[in-house]
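Chain by chain, the residues run as shown.
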Amino acid sequence: MKEYFANYYQENKEKMKASALVYKAENAEKIKEQNKKYRKNYNKLNVICSKCKKLMLKSSLHRHNIRKHSN
């Protein structure tokens, strides 16, 4: 079974690359919009602790501050 998939991939490699390029060309605008949304959400999820300059998830920051910086 493994050999079959390896052979199939080798035989259709160029065809798959060509179809991927066609898809990218046809949907360039759609892909750009998806990437913008992803980057926007990614930036919302991550924050840097102002005291120790560590990058972490926003959801982890409160717990981090309680444990590491409670004075």
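Described in the following lines is the structure provided in the data block. None of the values given here were measured: they were computed from a predicted structure. (Residues numbered from 1 in each chain as written. Predicted model: local features only at pLDDT ≥ 70, side-chain atom pairs only at ≥ 80, totals over all residues. Heavy atoms only, no water.)

## Brief notes about the packing of aromatic side chains
So, point 1. Going through the model one piece at a time under the given rule, you end up with 2 aromatic pairs.
So, point 2. Seen from their ring centres, Tyr4 and Phe5 are 5.4 Å apart, and the 70 degrees between their planes marks the pair as edge-to-face.
So, point 3. Assessed through its relative accessible area of 49%, Phe5 is described here as partly exposed.
So, point 4. Grouped by ring-pair contacts, the aromatic residues Tyr4, Phe5 and Tyr8 constitute a single cluster. (Phe/Tyr/Trp six-rings, centres within 6.5 Å; stacked < 30°, edge-to-face > 60°. Buried < 20%, exposed > 50% of the residue type's maximum accessible area, 1.4 Å probe, protein only.)

## Some words on the pattern of salt bridges
So, point 1. The final tally for this structure, using the stated rule, is 1 salt bridge.
So, point 2. Here Glu33 and Lys36 are joined by a salt bridge, their closest N and O atoms 3.8 Å apart. Of this pair, Glu33 and Lys36 both sit in helix 2 (residues 28-45), 3 residues apart, which is roughly one turn of the helix.
So, point 3. Since its relative accessible area comes to 48%, Lys36 is described here as partly exposed. (Salt bridge = Lys/Arg side-chain N within 4 Å of Asp/Glu carboxyl O. Helix = DSSP H or I, 4+ residues; strand = E, 2+ residues; numbered from the N terminus.)

## Section: the state of the cysteines
So, point 1. Taken as a whole and assessed by the stated rule, the structure comprises 0 disulfides.
So, point 2. Here Cys52 is not cross-linked by a disulfide; its sulfur's nearest cysteine counterpart is in Cys49, at 3.6 Å. (Disulfide = S-S within 2.5 Å.)

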